[in-house]
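# Descriptive analysis of the structure
Residues per chain, in single letters:
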Amino acid sequence: MNRLGRRVWVVTFVAVALFAVYETIKTLLFPEMSVVTSHIVTVIVAGILTFFVSRYALHRYNLALSKIKEQQEITEETNRLLSGVLATMREGVLIVNRQMDILLYNNAATQIVRLPVRLPAGVPSERNDQDTSGDNLLPIAYHLQTPPLKRLIEVTRNPAIHEAFRQALEAHAQTEMRVEMADLEPRSFQLYVAPLGKKLAVGVFFDISQLEKLERIRREFFANLSHELRTPLTAILAYAETLLDGAIHDAENNIRFIEKLYKHSARMRDLISDIADLSAIESGKVKLSLAAVKLKPILGDVIALTESRRKEMKINFTLQVPDTLLVQADRTRLEQILFNLIDNAVKFNLPHGSVTVTAEEAGDRVTVHIEDSGIGIMEADLQRVFERLYRADKSRSRKIEGTGLGLAIVKHLVQAHGGEVAVESNLGRGSRFSFSLPKAVQQIETPVEKERLAISFADHP
Ligand code: ADP
């Protein structure tokens, strides 16, 4: 018998006992009382007794009700917090039962396996009219109490995932594995599956695609770096040996060999200084001295630096940048960004090709586009050209001078200014590199700068 049952018996027993005591006292005290008067008195006493018992019962009932309400509020709050945690988690979470039915999942899981982002039509959501920040949350209690929406087999066919959940449910064993998912978009995950009580299992998917990508880039960087350093070093050793073996006295060739030695040594120096520069920018050691600078004169200076190559390849240059356009940038670093992009646009161009530099303002940003009619970049290489030492079309790029670090430097410098880089390309038709910078409102011109601007305007109207 439970507590409530026992109480009912106790209350009944006490009431009967009280009534018996009352009857006895009444008979002893008033033996002469008529039956009618006795009944009237009994009814009045019973009424008073019933009133007090009902009041007591009502009081207990109200107490129990407020306790239930309090408990319900705690449960709702816990659910809300849990839903909040699950919804903001980047990791996908799935909870399944022994029948491999999915009882609960979070939004991140919908990006990994085929699960609906919202509740299917017709399923009432308890949260619809409440807190809209939880609009994308799945009500946990609801899912645990109602029939499941999907089975695991319906959302993924990956046998490793099924096996991991089976292990957790049947052998109560924790599993950790790497899974590749191609259901939605190709990504790799570290999956942890653990039993949750006796009847459920929870699986957490950690996205490791980015980590793996960075690891691949790092490996390739070191492989490329040793290749890039070994090539000039081998040439330097070979020319030095040839000279030592007597070519130093060969009046016809010695200067040519020394020139080669110089060229390869200079290449190594450029490579090492670019690497040092890049790691300084990446680690935040480079301090930018930001100021409002006019874009057009800087472009003029940079274009002048590419003149010999431009003339050699007969490249037609167009500059469409408003005279007054100001950006908030570090002048020297901006020159470096522009030089790398414009130099590439000339280097990877075709004879008699064209390069067009344009700039546009949008909100508080200025976007600069450097467009060329050159060799273009293959789709597969497009996002990788900003990686350190990555060269698209290796055989062709190697013939063209460069360290393979220019675009990586550009990307980091632009990001250090709070901007973004982008590239579009058509193989065989040309490429368009773009970068954005914060727009500046006023120009601070030093006298030296004024003089510099005058010269560059005169040179490049
Ligand atoms: P580098 O120019 O020293 O080789 P970058 O980092 O500047 O190194 O460029 C990386 C690679 O991106 C180049 O080797 C080239 O394959 C490709 N690339 C860059 N700019 C262009 C361009 N304008 N047109 C075609 N390919 C380009």
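Residues numbered from 1 in each chain as written. Predicted model: local features only at pLDDT ≥ 70, side-chain atom pairs only at ≥ 80, totals over all residues. Heavy atoms only, no water.

The backbone phi angle of Met100 is positive, close to 60°, even though this residue is not glycine. Tracing the backbone shows Met100 in the loop between β1 (92–97) and β2 (101–105). What makes Met100 buried here is its relative accessible area of 16%. (Helix = DSSP H or I, 4+ residues; strand = E, 2+ residues; numbered from the N terminus. Buried < 20%, exposed > 50% of the residue type's maximum accessible area, 1.4 Å probe, protein only.)

Here we come to the packing of helix α1 (residues 3–29) against helix α2 (residues 35–88). Direction vectors running N to C along α1 and α2 enclose 155°, while the axes themselves pass 12 Å from each other. When the axis of α1 is compared with that of α2, the two are roughly antiparallel. In this structure, α1 meets α2 at a crossing whose hand is right-handed. Here α1 contributes Arg7, Phe19, Tyr22, Glu23 and Lys26 to the contact with α2, which in turn contributes Ser38, Val41, Thr42, Val45 and Arg60. Here the contact of α1 with α2 is built from residues that sort into four nonpolar, two polar and four charged. (Axes fitted to C-alpha atoms, helices over the stretch in contact; angles between N-to-C directions. Parallel < 35°, antiparallel > 145°, perpendicular 65-115°, else oblique. Left-handed = near helix turned anticlockwise from the far one by under 90°. Contact = heavy atoms within 4.5 Å. Nonpolar A, V, L, I, M, F, W, Y, C, P; charged D, E, K, R; others polar.)

A few words now on the pairing of strand β10 (residues 354–362). As paired elements, strand β8 (residues 316–320) and β10 share five bridges and run parallel to each other. The partner of Leu319 across the bridge, within β10, is Val357. Pairing geometry for β10 and strand β11 (residues 365–372), over eight bridges, is antiparallel. Within β11, the residue paired with Ala359 across the bridge is Val368. From the end of β10 to the start of β11, which pair antiparallel, there are two residues, and Gly363 there has a positive phi angle of about 60°. (Pairing = 2+ DSSP bridges.)

Examined against the element boundaries, Ala266 turns out to sit in helix α8 (residues 254–282). Under the relative-accessibility criterion, Ala266 is labelled buried at 13%. Sequence separation of Ala266 and Pro232 is 34 residues, and the distance between their C-alpha atoms is 9.2 Å.

Scanning the entire structure with this criterion turns up seven aromatic pairs. Here the aromatic rings of Phe221 and Phe222 are separated by 5.3 Å at their centres, their planes lie at 65°, and the arrangement is edge-to-face. Residue class for Phe222 comes out partly exposed when judged on its relative accessible area of 46%. Their ring planes at 40° and their centres at 5.6 Å tell us that Tyr239 and Phe257 sit as a pair that is tilted. You can see Tyr239 sitting in helix α7 (residues 209–244) and its partner Phe257 sitting in helix α8, a full 18 residues away along the chain. A relative accessible area of 13% places Phe257 in the buried class. (Phe/Tyr/Trp six-rings, centres within 6.5 Å; stacked < 30°, edge-to-face > 60°.)

Moving on, we get to the pattern of salt bridges. Applying the stated criterion across every chain, the model contains 24 salt bridges. The partner of Glu282 in a salt bridge is Arg388, and the shortest N-O contact between them spans 3.5 Å. Remark: Arg388 occurs in the loop between α12 (379–382) and α13 (394–399) and Glu282 occurs in helix α8; sequence separation between them is 106 residues. Exposure remark for Arg388: the relative accessible area of 26% places this residue in the partly exposed category. Two residues, Glu335 and Arg331, come together in a salt bridge whose shortest N-O distance is 3.7 Å. One end of the pair, Glu335, and the other, Arg331, are both in helix α11 (residues 331–347), four residues apart, so they sit about a helical turn from each other. Within the structure, one salt-bridge network assembled from shared partners comprises Arg216, Glu220, Arg384 and Glu387. (Salt bridge = Lys/Arg side-chain N within 4 Å of Asp/Glu carboxyl O.)

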